[in-house]
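Descriptive analysis of the structure
The lines below spell out each chain.
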Amino acid sequence: MTALLELEDVEARYGPVHVLHGISLAVEEGSVVAVLGPNGAGKTTTLRAVSGTVRRSGSIRFAGRSLQRVGPDGAARLGIAHVPEGRGTFSELTVLENLRLGAYTRRGSLQPQLERVFSYFPFLSERRRQQAGTLSGGEQQMLALARAFVLRPRLLLLDEPSLGLAPVLVAELFRIVRELNEKEGLTVLVVEQNAHLALQAADAGYVLEAGRVVLSGSSAELRADDSIRRSYLGY
Amino acid sequence: MAGAESSAIAGLRRRGALDAGTATVWLVLAGAAIFLLIGCLRSTTFAGYTVQGLALGSVYGSLALALVLVYRATHVINFAQGELAMLTTYIAYQLMQWGLSYWAAFAATLAIAFALGTLLQVTLIRPVQHRSVIAVVIVTVGLFILIDGIVNWIWGADFKVLQSPFGFASFDVGGVAIPHKDVWVIGVVLVSVLLVWGLFRFTKVGLGMRAAALRPAAAALVGVRVDSMLAIGWGLAAVLGAVAGLMAEPFQFSLSPTFMQPILVYAFAAAVLGGLESPAGALVGGLAIGVTLTLIVGYEQKYIGSELQTPFAFAVLLLILLVKPTGLFGRRDVRRV
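Now for a description of the structure that goes with this document. Note that the structure is predicted; figures quoted are calculated from it, not measured.

This paragraph deals with the nonpolar core. Formed by 101 residues in total, the largest nonpolar core has its most connected members in Leu101 of chain A together with Met247, Met260 and Ile289 of chain B. With 16 residues, the top contributor of residues to this core is helix H10 (residues 226-252) of chain B. Setting aside residues up to four positions removed in sequence, isoleucine 289 of chain B forms contacts with Tyr60, Tyr266, Ala269, Ala270, Leu273 and Val316 of chain B. Within the second largest apolar cluster, 47 residues are counted, among which are Ala34, Leu114, Phe149 and Leu186 of chain A.

This is the structure in structure tokens:
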């Protein structure tokens, strides 16, 4: 069985700064995969390499097709939803307009898809006319997740969803991600600093350091690994 | 009683409907409207000036809106916007010379303006847009000179006259003579503006354009083709400019290669008065500048002749930038993290 997303020897740089030194990873269809590692390890850049928001080389294959020449809008059209760092919320637009933008590349009626989204995020239904910037941080993160989900993506790229959120909200967020994965078959590649939570929600994980994969395995294996426990789980 | 009232206001505040700045702006606008209304009821001369000012102001507002559309998308003022409007008015003139009726030429000109605006963005602006703001500004200034040269070359610098269908007749409303022309101009501009507004507000392309203007990177991630949106934005701006040019011609009574230049200055003032980022502000700003200038020039002909209109608009521009740089409806970011 081939994976939905496969990266092989991917390199990326911002100007003269080399960030990724040959990353290889695979995401199976229907799984949740976490990317862990310290600041500056290249976690965010890995996601950006997939969605084409950074120049990269090496092989990136999505559903059997090369993403080499695909930019961010093309990636969205192929069914890759990328929730970037800082959520990518259009704070000047209303909640509903944000959701309509999420489904920008879809044709046909949005209504059934919206109903579905509101069943996971009921508060968004009540606030659909509200300016998105007036939502709280946690609500905005939920909106970002909802916006990605209206696309009915084949792959969700989620960047540091826990950033700046209270622990209880982070737990709720990962619960919903897991639920979307189990009930809707959503495949997720999530970058997270909070290794403990990420490994709870994920099936497998990759640990990055200085632009290289230093460790990978199933969540259980990673949780059992001594070096992971000391560096990232703190016990 | 007082408690209930203050809690109602607090409720409004929470929903963001009211804050001190916005309330002041609305009060000032309401005051101005009442002043104009009373003036119009007491004096037919005043009423005549006011209507003419509104018609002129809608022309300024239309061009100001074109400036705002481009500014919102790229944070650059298109200095060639007025010349582009002048060029499209010449195109309308040429189409009429070839035998098209006024309204057929009008429609064709808008279509040509859209294509032209889009084309210019793709060929001249896109190659430099990622370099720097100043590079884009220089290109628009170059475009200004280029269009000037081309129009002078093709049509010459002498005055041309468009066969305007509006005529010189007037309605008589309570002793006030309101020229048909003024009513037509206001109507045509309002319909154009409403159509553009509807496009932005209710269509998918409009939503994509707003997203691309607000956050290009995030817009690309949801699948918006940001470059195409910017090109369409330039096209729409050129259409609004074309409307402004065609509607300005009856007031100038002639077409010349420089006829849009003072109007561009008024449109600048209007756009800045409105807050540069606000489409509604551009329109209100245009009307305010139009009415103010017409009233001042009308009543103070002895002291402020029409020669001083353009410097006056500059003075307004300077004053706004000094006193309230965000203009009447400048956008404040509401953002929580």
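Moving on from the model shown.
Phi at glutamate 160 of chain A is positive, roughly 45°, even though this residue is not glycine. Within the element layout of this structure, glutamate 160 of chain A appears in the loop between strand E7 (155-159) and helix H7 (167-184). Not every positive phi belongs to a glycine, and leucine 276 of chain B is a case in point at roughly 60°. If you trace the backbone, leucine 276 of chain B turns up in the loop between helix H11 (261-274) and helix H12 (279-299).

It is worth spelling out the interface of chain A and chain B at this point. Counting residues at the interface gives 31 residues for chain A, matched by 26 residues for chain B. Here chain A meets chain B over a buried area of about 2400 Å², counting both sides, of which 56% is carbon and sulfur. Three residues stand out in chain A for area buried against chain B, namely Phe90, Glu92 and Tyr104 of chain A, and they jointly supply 27% of the buried area on that side. Connecting chain A to chain B are 3 salt bridges. Note that aspartate 73 of chain A and arginine 225 of chain B form a salt bridge whose closest N and O atoms lie 3.7 Å from each other. Seen at the junction of chain A and chain B, the total is 6 residue pairs in polar contact (both at pLDDT 80 or more). Taken together, the elements giving at least two residues each to the side of chain A that touches chain B come down to helix H2 (72-77), helix H3 (95-102) and helix H6 (137-150) of chain A. Residues that form the side of chain A that touches chain B fall into these classes: 9 nonpolar, 15 polar and 7 charged.

Turning our attention to the pattern of salt bridges. Under the definition given, this model contains 13 salt bridges over all chains. Of the charged contacts in the structure, one is a salt bridge between glutamate 97 of chain A and arginine 210 of chain B, with a shortest N-O distance of 2.9 Å. With glutamate 97 of chain A in helix H3 and arginine 210 of chain B in helix H8 (residues 204-214), this pair bridges two chains. Per residue, the accessibility class of glutamate 97 of chain A equals that of arginine 210 of chain B, and both read buried. Each member of the salt-bridge network shares a partner with another, and the members are Glu172, Arg175, Glu179 and Lys183 of chain A.

Each value, and the rule that gives it
Residues numbered from 1 in each chain as written. Chains lettered and ligands numbered in written order. Predicted model: local features only at pLDDT ≥ 70, side-chain atom pairs only at ≥ 80, totals over all residues. Heavy atoms only, no water. Core = buried A, V, L, I, M, F, W, Y, C linked by side-chain atoms within 4.5 Å. Buried < 20%, exposed > 50% of the residue type's maximum accessible area, 1.4 Å probe, protein only. Helix = DSSP H or I, 4+ residues; strand = E, 2+ residues; numbered from the N terminus. Contact = heavy atoms within 4.5 Å. Buried area = accessible area lost by both parts, 1.4 Å probe. Salt bridge = Lys/Arg side-chain N within 4 Å of Asp/Glu carboxyl O. Polar contact = N/O pair within 3.5 Å; in protein donor to acceptor, adjacent residues only side chain to side chain. Nonpolar A, V, L, I, M, F, W, Y, C, P; charged D, E, K, R; others polar.

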